[in-house]
Each structure stands twice: as C-alpha cells, then as structure tokens.
Amino acid sequence: MANGIWIFIEQTKGEIRKVSLELLSQGRILADEKGEPLTAVILGKDIAPLADQVASYGADKVIVIEDDKLTDYTTGAYTSALNKAAQKYEPNAILIGNTAIGKDLAPRLAQRLGVGLASDVTGVTADADNYFSFKRPIYAGKAFAEVVETQTPAIATVRPNTFPVAAPDASKKAEVITETAEIDPADLRAIVKDIAIVASTRPDLIEANIIVSGGRGMKGPENYVILEALADVIGAAVGASRAAVDAGWIEQKFQVGQTGKTVSPTLYIAAGISGAIQHLAGMGSSKVIVAINKDPEANIFTLADYGIVGDLFEIVPLLTEEFKKLG
Amino acid sequence: MNFELTEEHNMMREMVRDFAETEAGPGAEERDEKEEFPLDLWKKAAELGLAGVTFPEEYGGVGADYISYAITVEELSRVDPSLGVTVSAHASLGSNPINLFGTPEQKEKYLSKLATGEHMGAFGLTESMAGSDASGTRTTAVREGDEYIINGSKIFITNGYYADTYVITAQMDKSKGNKGIAAFIIEKGTPGFTFGKKEKKMGIRASATYELVFEDVHIPKENLLGEEGQGFKIAMVTLDYGRIGIASQALGIAQGAYEQALKYSKERVQFGQTLSQFQVTQFKLADMEIQIEAARNLVYKAAYLAGEHQPVSKAAAIAKVFAAETANKVATEAVQILGGYGYTRDYPAERFMRDAKITEIYEGTSEIQRIVIASHILKD
Amino acid sequence: MNIVVTLKQTFDTEAKIALTSSGSIDDNGVKQVINPYDEYAIEEALKLKEANEGSEVTLVSVGGAGTESAIRTALAMGADQAVLVSDPTLEAVDELVAADILAKAIAQIPYDIILSGRIAVDDGSAQVAVRLAEALGLPSVSSIQKLEITGQSAVATRDIDGGSETIEVPLPAVFTAQKGLNEPRLPGMKGIMAAKKKELKVLTLADLETSAAALNAGSKVTSYSLPTPRSAGKIISGEPAQQAAELAKLLREEAKVI
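All figures in this text were calculated on a predicted structure; none of them were measured in a lab.

K.L.:
Quick question: what am I supposed to make of the overall build of chain B here?
P.N.:
Per the secondary structure count, chain B includes 10 helices and 10 strands. Its C-alpha atoms give chain B a radius of gyration of 21 Å, within 12% of the compact-globule value 21 Å for 380 residues. For chain B, the spread of C-alpha atoms along the principal axes amounts to about 80 × 45 × 40 Å. Out of the 380 residues in chain B, the part that is buried amounts to 55%.

K.L.:
Would you explain the overall build of chain C in this entry?
P.N.:
Across its full length, chain C carries 6 helices and 13 strands. Counting only C-alpha atoms, chain C reaches 65 × 45 × 40 Å along its principal axes. Among the 258 residues that make up chain C, the fraction classed as buried is 51%.

K.L.:
Whenever I open this one, the sheet that holds strand β10 (residues 143-149) of chain A confuses me. Can you help?
P.N.:
Note: strands within a sheet are paired through backbone hydrogen bonds, in either parallel or antiparallel orientation. Strand order in this open sheet of 4 strands is β8(A)-β9(A)-β10(A)-β12(C), and the pairing throughout is antiparallel. On the outer flanks of this sheet lie β8 (123-127) of chain A together with β12 (219-225) of chain C, each paired with one strand and no other. This sheet shows a mean twist of 30 degrees between the axes of neighbouring strands, independent of strand direction.

K.L.:
Explain the interface of chain A and chain C here, please?
P.N.:
In many analyses, interface size is given as the accessible surface area lost on bringing the parts together. Taken together, the contacts link 75 residues of chain A with 71 residues of chain C. Among the elements that line the side of chain A that touches chain C, the one with the most residues is helix α4 (residues 100-113) of chain A, at 8 residues. Residues of the side of chain A that touches chain C, tallied by class, amount to 38 nonpolar, 20 polar and 17 charged. Judged from the 2 bridges that link them, strand β18 (residues 306-309) of chain A and strand β13 (residues 234-235) of chain C form a sheet pairing that is parallel. When the bridges of β13(C) are listed, G307(A) appears paired with I235(C).

K.L.:
When you look at the pairing of β10(A) in this model, what are you seeing that I'm missing?
P.N.:
Across a regular strand the side chains alternate sides, sitting on one face of the sheet and then on the other. Examined bridge by bridge, strand β9 (residues 131-138) of chain A and β10(A) share 6 bridges and lie antiparallel to one another. The residue of β10(A) that forms the bridge with I138(A) is A143(A). In this structure, the hairpin formed by β9(A) and β10(A) is closed by a connection of 4 residues, where Y139(A) is found at a positive phi of approximately 50 degrees. Both β10(A) and β12(C) contribute to a ladder of 6 bridges, which runs antiparallel. Considered in β12(C), the bridge of A145(A) is made with Y224(C).

K.L.:
I tried to follow the domain arrangement of chain C on my own but got confused; where do I start?
P.N.:
On domain assignment, one finds that chain C holds domain 1 (2-214) and domain 2 (233-258). The C-alpha centroid of domain 2 of chain C is placed 47 Å from the C-alpha centroid of domain 1 of chain C.

K.L.:
In this structure, what is going on with the interface of chain B and chain C? I would like to understand it.
P.N.:
Listed as interface residues are 15 residues of chain B and, on the opposing side, 12 residues of chain C. Among the elements that take part in the side of chain B that touches chain C, helix α1 (residues 7-34) of chain B stands out by supplying 7 residues, more than any other.

K.L.:
Would you mind going over helix α9 (residues 349-357) of chain B with me for this structure?
P.N.:
Within α9(B), 7 of the 9 residues are buried, which leaves the element mostly enclosed by the surrounding structure. Contact partners of the buried residues in α9(B): α1, α4 (81-101), α6 (231-267) and α8 (313-343) of chain B.

K.L.:
Just to check I follow, could you spell out the packing of helix α3 (residues 66-79) of chain B against helix α7 (residues 279-307) of chain B for this structure?
P.N.:
For any two helices packed against each other, the geometry comes down to the angle between their axes and how far apart the axes lie. Residues and elements named next belong to chain B. α7 packs onto α3 with a crossing angle of 140 degrees between their chain directions and a minimal axis gap of 7 Å. On the basis of the axis angle, α3 is oblique to α7. Facing Y66, I67, Y69 and A70 of α3, the residues of α7 in contact are V299, Y300, A303, Y304, A306 and G307. Looking at the contact of α3 with α7 residue by residue, the classes come out as 9 nonpolar, 1 polar and no charged.

K.L.:
Honestly, the packing of α4(B) against helix α5 (residues 104-116) of chain B in this entry has me stumped. Any pointers?
P.N.:
Residue and element names in this part refer to chain B. With their axes 10 Å apart at the nearest point, α4 and α5 run at an angle of 145 degrees to one another. For the pair α4 and α5, the crossing hand works out as left-handed. Residues G94, S95, I98 and N99 of α4 form the contact with α5, whose participating residues are Q106, K107, Y110, L111, L114 and A115. Of the residues assigned to the contact of α4 with α5, the class counts are 5 nonpolar, 4 polar and 1 charged.

K.L.:
Which parts of the structure should I look at to understand the nonpolar core?
P.N.:
A general tendency of soluble globular proteins is for nonpolar side chains to be buried together. Formed by 318 residues in total, the largest nonpolar core has its most connected members in V54(A), F184(B) and V299(B). Setting aside residues up to four positions removed in sequence, F184(B) forms contacts with A141(B), Y148(B), I150(B), I168(B), A170(B), I219(B), N223(B), L224(B) and L225(B).

K.L.:
What's the story with the sheet that holds strand β1 (residues 2-7) of chain C in this structure? I'm lost.
P.N.:
Strand order across the open sheet formed by 10 strands is β13(A)-β9(C)-β8(C)-β7(C)-β10(C)-β6(C)-β1(C)-β4(C)-β5(C)-β11(C), with mixed pairing between neighbours. Strand pairing shows two members of the sheet lacking a second neighbour, β13 (191-197) of chain A together with β11 (200-203) of chain C, which therefore form its edges. Shown here is a sheet whose adjacent strand axes are inclined to one another by a mean of 25 degrees, direction ignored. The sheet contact formed by strand β8 (residues 153-160) of chain C and strand β9 (residues 163-170) of chain C spans 8 bridges and is antiparallel.

K.L.:
Could you clarify how one ought to interpret unusual backbone geometry in this entry?
P.N.:
A negative phi angle is the norm for most residues apart from glycine, just as the trans form is the norm for most peptide bonds. With an omega of 0 degrees, the peptide bond between T152(A) and P153(A) qualifies as cis. Residue placement: P153(A) occurs in the loop between β10 and β11 (154-158). Residue L171(C) is joined to P172(C) through a cis peptide bond whose omega torsion reads -5 degrees. Within the secondary structure layout, P172(C) lies in the loop between β9 and β10 (173-177). Although it is not a glycine, Y139(A) adopts a positive phi angle of roughly 50 degrees. Position of Y139(A) among the secondary structure elements: in the loop between β9 and β10.

K.L.:
Explain the confidence of the model for chain C here, please?
P.N.:
Detailed reading of the predicted model is not advised wherever pLDDT is low. Model confidence for chain C is summarised by a mean pLDDT of 94, while 100% of its residues fall at 70 or above. The complex prediction reports pTM at 0.90, with the ipTM value standing at 0.93.

K.L.:
In this structure, what is going on with the environment of A86(A)? I would like to understand it.
P.N.:
All names here are of chain A. Positionally, A86 belongs in helix α3 (residues 75-89). With 20 C-beta atoms counted inside 10 Å, the residue A86 sits in the buried group. Spatially, the C-alpha atoms of A86 and L109 are 9.4 Å apart, while their sequence positions differ by 23 residues. Leaving out residues up to four positions away in the same chain, A86 has contacts with P91, I94, L113 and P153.

K.L.:
Got a minute to help me understand the environment of A291(A) in this structure?
P.N.:
Residue and element names in this part refer to chain A. Examined against the element boundaries, A291 turns out to sit in strand β17 (residues 288-293). Looking at A291, the number of C-beta atoms within 10 Å reads 27, which means it is buried. In this structure, the C-alpha to C-alpha distance between A291 and G275, residues 16 residues apart in sequence, is 9.2 Å.

K.L.:
What exactly am I supposed to notice about the pairing of strand β1 (residues 5-9) of chain A here?
P.N.:
Residues and elements named next belong to chain A. For β1, the tally of buried residues reaches 5 of 5 residues, placing the bulk of the element in the interior. Both faces of β1 are covered, namely the face carrying I5, I7 and I9 and the face carrying W6 and F8. Note that β1 and strand β4 (residues 38-44) share 5 bridges and pair parallel. Looking at the pairing, I5 lines up with L38 of β4. Bridge count for β1 against strand β6 (residues 93-97) is 3 bridges, and the pairing is parallel. Residue pairing for β6: I5 is matched across the bridge by A93.

K.L.:
In this structure, what is going on with the environment of I234(B)? I would like to understand it.
P.N.:
Residues and elements named next belong to chain B. Tracing the chain through its elements places I234 in helix α6. Residue class for I234 comes out buried when judged on the 22 C-beta atoms lying within 10 Å of it. Look past the residues within four positions of I234 in its chain and what remains in contact with it is P97, F101, A183, L225 and G226.

What counts, and at which threshold
Sequence order as written defines residue numbering, which begins from 1 separately in each chain. For this description, chains carry letters from A and ligands carry numbers from 1, given in the order in which they are written. Only residues with pLDDT of at least 70 get local features here, since the model is predicted, and only at 80 or more are side-chain atom pairs given and counted; chain-wide, interface and lining totals rely on the full set of residues. Secondary structure counts use DSSP, requiring at least four H or I residues in a row for a helix and at least two E residues in a row for a strand, with both numbered from the N terminus. Throughout, the radius of gyration refers to the C-alpha atoms, and the reference size of a globule is 2.2 Å times the residue count to the power 0.38. Comment: burial labels come from other C-beta atoms within 10 Å of the residue's own C-beta, placed from the backbone, where a count of 20 or more is buried, 12 or fewer is exposed, and between is partly exposed. Any two strands with at least two DSSP bridges between them are considered paired. Here an angle of 0 to 180 degrees is reported between the N-to-C directions of two axes, which are lines fitted to C-alpha atoms, with helices fitted over the stretch in contact. C-beta atoms are placed from the backbone for every residue, and two residues are taken to be in contact when these atoms lie within 7 Å. In this classification, Asp, Glu, Lys and Arg are treated as charged, Ala, Val, Leu, Ile, Met, Phe, Trp, Tyr, Cys and Pro as nonpolar, and every other residue, Gly included, as polar. Each domain's extent was defined by an automatic or database domain assignment. Any angle that is under 35 degrees is reported as roughly parallel, and any over 145 degrees as roughly antiparallel; angles of 65 to 115 degrees are reported as roughly perpendicular and all others as oblique. We call a crossing left-handed when the near helix sits turned anticlockwise from the far one by less than a right angle, and right-handed when that turn is clockwise. Think of a nonpolar core as buried Ala, Val, Leu, Ile, Met, Phe, Trp, Tyr and Cys residues, each tied to the set through C-beta atoms within 7 Å. The pLDDT score gives, residue by residue, the confidence of the prediction method on a 0 to 100 scale.

Structure (structure tokens):
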C-alpha cells in the first residue's frame, strides 16, 4: 500500500500554523523512511495559493478541500470533509498539530473512522507492525507512554515545537488534488457566532520559541510589564505559574503547567517561580531553562540549566538591557 | 475494634483540609500579626456546615458524629489554630449546652441558628476570681417576675464580641456554693450587656478573647438553661465535651508543626546533606510522629465515646492533656528543627509554638485535667 | 433539564509518578482525586441545576471500584445520582473503548446536556468527551469558558489559540470544561452526609448489552518510561549587573538559544 502519510495543514485566513510546517518537515523524513508519499491536506476557503508553500516543505501531494463552510474552523464541517477524504484515499497515518483546532478535530475524526488516536505526541517513529509508534507524555510529562495504533490510519496530534522546521525549497513542486467538500447537514449544527482574536505582537504561548514566565514572586499584576519588556526584546511569549493566575494577576490563558498549557520552547525563563511539580509538568520539556528566584532553595533551581539567585525586579530589567545591547 | 475511619470521615477531612489550605492558610500569618478575627472565614466555614457538625439535622445541623467534629477542628487547626478554636468554642461551648440542656423552644430559637452558623456562640464561665475553680463565681442572677437580672463580668471569653448568643453562668444563692449556680442564654445587644477588655495574647491571636460585662441585664425567664442550681453541672458537662474540641485543636497544631519540620528537614542542606539525613533529626521526627499518633488515637477514642453517648469525662481529659502536651512538645521541636528560620515569622513554626501553649491552659488546665482523671481513677 | 457529567478518577496532580517492576504506572499509595477538569464540569452542572428547577445531575463513569470514592465526592458536591460501569473483564481501556462504553451507558438515561472535563490529567489525551459526542451523534464544543442555555439551544464561549470563539449549538450537546469556567465548590458537611444515601448504580458490560470482546481498542500502550531527570546547571553569582550580563552571554554563546 502506498497510501502514505497525511499532514493536516492548519491555516487561519490563509496563514499556515508553524506546527503544520514542523509536521511537514518531519513527515518528509518519515515518508522517506517508509518509502511512501507525503500528502498535505488543506481545508478552508481561498486556500489554493497555499499549495506551493506546502510543496516547498516537501509534500508530494496536496489535497485542497475548499468550501464556504470551511472558511472558519467548525468541528462538524472539518470532521465531515476530512473524514470523507480519508475514507476515499485511505492514508496510513494522519498527523495533526496539537492546537486548539487539532485537539477538537482529531478525536472526532478518529471516532468517526473508528480508530485510535495518540494525543499530544512528542515523538513519532516508524514501527514494523503498527506503522508508527508514538511517544506521548502522560501525567503532564511526569512519565511517557509509547503508543501504537492497531488500525490505519494511525492518527496523532503532535505537540508544537517537537520537530524543527526544515528550510523550504521553492523548486519543489507537488501534485495538487482538488476535492469538493461534501458536508453532512448533521455536521452543521454548531454555528460560530463570534471569533475574538486578541491582538498580540507576541508569539502564541504553545508555539513560542522563548517564553518568559512569572510566578508568585511577581508580587502583583502591575509588575508583569518588566517581563513583557524582556519578552519583547527577545521575541518571547509571556507565561505565568498557577500561583500568579490564581492570585488574579494574569489571565488563565497564560498559565503554564498541569492545569494550564504544556509548552516546550527552546528557552524558558522562569522568574519568581518556585517550581511546584504542577508547573514543572507543563514546561519540563523545554530545551533550556533559566531560573531567577530570590530563594536559593527554590525547587526550580534543581532543573534549571542556568540559575540566578537574586531579586527578579533587579535582574530582569538588567537582562532586558543586556539583550538590547547585544541586539 | 475498628480503627478505620469511614468514607465520610475521609471525605470530610479532605474537604476541611482543602478549605483550610486554600482559604485560611494564605492570611493566617497576617491575621496573627494584626490580631484580626477571621469573620469571613467563619462565614465560609459555616456555609460548609462546619458550625454544626454534631448537631441534629432537625435544627439545621449536620447530624454527624463526634469523630467528624474532631477531624474538623483538627484540620482547621493544622493550618490556622485561631480558626480552629473559633469553631470549637462556638460548637462545643456556645452551642452544645443548648443542644444538651435546652428546651425544644430554646433549641428552636437558638440552636437552629447556631447549628447553621447563622449565629455564632460563646460561653462565659471564667471570672477574675473563678478560673479553674468555678465555685468562685461572682456574677449574680436574681429572679424578678418573669425575668432574671444579671450583674457581674466574665473574662477571657473566646468569640466574645463577635458571638450572637452567650451561655453564661451566674450565682443565684451563694450559700449553696456550686449548687446555687444557674446557666443562662444571653443575646448580644441586650441592654446592659457590653464588652470590656479585648485580650492581647501570646498565641491564637486572631481569635477574639473579650471580657463580658453585665450591668442590670434583664433577660426573660425562658432564657434560663436547665434549672436553677444546675448551672455548674451544665458547665462541667459542657467542658467535658469541649475538651474534645481543644484536644482536636492541639492535635491539629501538632500535625501542622510536624509537617513544617518534616518538609524543612527534607529541603535544608547542612554539612552536605539534608537535615532529614542526620539521625538526630530522624529521631526527632520519629518522636513527633509517635506522640501525634498516640494523641490522635486518644482524641478519636474520646470522640467515639461522645458519639456513642458513653461517659466522656475521663477520656476527654486524658485526650486533652496528652494532645495539649504533644502540641507543645512537637511545636517546640519543630522550631528547633527549623533553627534560626524557625524563630522568625517567615515560617509558621513559631506561630504554632505560640498557639500551642493555650491548649494546656484553657477549658481546664493540664493540672485540672489530671485532677479530673485522678477523681475518676479513685472513684472506681 | 437532565444533565449528565462524565467523571474520571485520576492521580492527585501533586503525585510523583513511578513505575512498577513490570513497567506499568505504580498507583500504590497514590492519592486519587476527581480529575480537576471534571470538577469544573460538575460545578457547571450544579449551577445549571440550581438555575433550572426540576433538573437532575447524573454522573457517569467508567473505572474500577476505586472510582466510587471520586463519585461519592461528586455526589457530596450535589449531583443527584451516579452510574459506574465497572467490569472485571474490562482491561486496557483506550479512549475509543471508554467513549463507546460511556455512550452506551448514557444512551440508557435521559440527557439534554453532557458536560465533561476538557482533559484528564492522567493520560492527558483530551479525547473521550469529543469521541462521546461523536458516538452519540451530538454536536460538541471543546474547552469552554462560558455556557448559557436558552430553551433548546446553548451558547458557549471556548478557548482557541490566540483568543476565544462563541458557538451556538442545539441541545442535546456535549461541552468540555476548561479552567476558568467556574470555581468548583467544596462538598459541604451536609452534602457528604447525604452522598451515601444517593444512588450509585454499578453496571457491567452485560448490562450495556456488550462485552469486552465486542469493544475493540484503537490503540495500546507498549511501554512506559520516566523522563530523564534534568540536573541542576550553573548558578551564576556576582552582582546583579554581572549576573545579567553573564546570563545573556551564556544564552547566546553556550546554549545558543538567543
């Protein structure tokens, strides 16, 4: 069977999510290993121009499903369209980014296809018996499970920042297949009334390469400006520990940890965060961890690559100045 | 014999612990510092049913057993002993005498509000000349028509000022000694009933301790609790049950202090190893655990007997004296383990140590407990 | 209004994870709690019940006998009754099987709204509730922050990356609760005492007219592992200005992350 690997390309208003490019890049490697084609699947409206972009990241084929009803993501319409395409082409695997959309879409699709799903995976390896074996964090990263799926397609949602994005090659071309969406009326029961995107110049927390996070040591909501200043100099997202969120200093959507977002940036700077186990669960897979805390006994120092025992209100602004100097 | 707590007991412990840690914990240090009564916490505790654990459901209580009550006070005190004694004094002292000795009308009028925590209760026995010896009671009550007229004062009254109803004792016939004492229910706001000195204390500083002053306080005859001359007995029975509350408070203090010491000893590194790796610390921790476990068994045993309507006087006295002495030993040792930090207000160890002392004093000093125990031994 | 809440018992979030000698997750001595996200679902259900007279909240769970304590806690919070599917023949339950079982159990009872936690903090897969909606043929809204019911329709606000989205769905429908939806109550003393008198119906697979053999898992765990512990790195000393300069340098030149 040469049905290959599918990558679900998540796009909003014609812009492809970074995680989809990560999956295309890694998908290329996996497809070569399997000797099977790599197919990118894009759903939406006016998205045909994206085909060239996904081709440049290594897709052999691009399936474009365009429909008015796919303009904005809805669980039903996307599930309906993707399910029909999957039934038709019978891919061996489907990789989806573990984003808000991916988390909502993948379980629906898997259930409709009657197959398993590995969620939030941080590793994909070829498996002789079961096509792929997926490594996924459980207990919020305190352990890992190796999971195989007993049937195809083997579906997984992959954590953003797990795989690097390869350099695009504009000379690469892909076969573009245009499919019409056949959406069941039953899948159109949910109506999107409003989408409120909060304009932010900072990267999204789960996709950010660098996160600057503040905890109880921030002492109050007014002090986040010093973290934001640092974040803006180094192009980071701002995060928070549960203590800061529960104290009402910062919105819940910024919370990193077991009951917040799980992140794995290249650099995680924890300022005034003691390092409770629930917090470590959400950021322990970060590549480099920096801790700034006035308490030398703070647990965060046990796993930080670089630690500064000191007053974050002094250190953080100085650090901001240093990075400005380095430009 | 069965040493297992029920599923309900475990659920209650979980709930009260959660409440204490999330609601009472964060401000405990500040309230101690500022001597600030935890009125908001009291209201929240009441919403969770903590004001009326053992009282009958028909009067708005929970209808649970005394072990549930012991667990409640223990868990509150593990985090905030001031809150623990507020609940204990309300339930055991301010409300229980009405539950035990009140008429159906008195229960309807007073217990129904106390059991839900809509009202707070307090108990007035101690006077400047009547501490451990209640027979020195100088507050007087005189019957006049359909009223009693109360004169005198009470000191060291836990929940004073904040409580809505007060069960107090007063002498009606000095020639009869203890048998001349009667107990009354007095409502806050009754003309002539005022509050005197607020005590500044060594520990449980967030709990309110006031003087009650009675100047020609007229109360209806319906507010006599029990019968004339029964007041001393009512007070003694109330204290027997009350000691279970204080023993539970002491147990909670010991537990809270011990957990502090345990946590610190696992984190603090000296001479290249954690304190907990030194045998001297291990022995200290083991001794703490031995005493706490023994205290817990004594406290729950007394609570069990209370729930079974068996005599509690001796068991409650044993539990109280042992738990109170355990609280003091453990809290002192906890400060020792924390060393210099333990002596500072940066850690709650010193607060537990200050809070522990009162458990050897109020609701019968440890000396009085031994007298009670001895009297039971020698009676048998 | 008939409100169904799915419930899962999980390890306490503070639990340390260890493996047994046979390589599975060691649950020995681990404190078990209601999945924290399910508590938001329960709270929302109780609020809906309080706002709509005559409503009932039914808990539905799949799990071992140990699950009963989580169910009792939820009953103590105020849910009216519970159904637990517990069957000794049921071994490894993946998300597909869990959803199928829940769907069969829920199909036996009346429902207008089904609430679940958006994720369980143990396996962290965030699948079962959405699968359940699919298995019952219902619309669903994931990760909601707000829910308003008007007649036979619901308007929910959900978290999306970078913002929020407001969605209207006809009932019955499934909603998964995100932190922030509400503040779960503690069970009061009276609730705890009342909980033991409430009905907890334990069903086997046979009661659902199925069997372990008829339920095909879509995935299986082949092994568990623990993360390689990170070790403490460099502590940068000196005056604050030196510390900041040194850190900036190390991040650029040694770690090469900026």
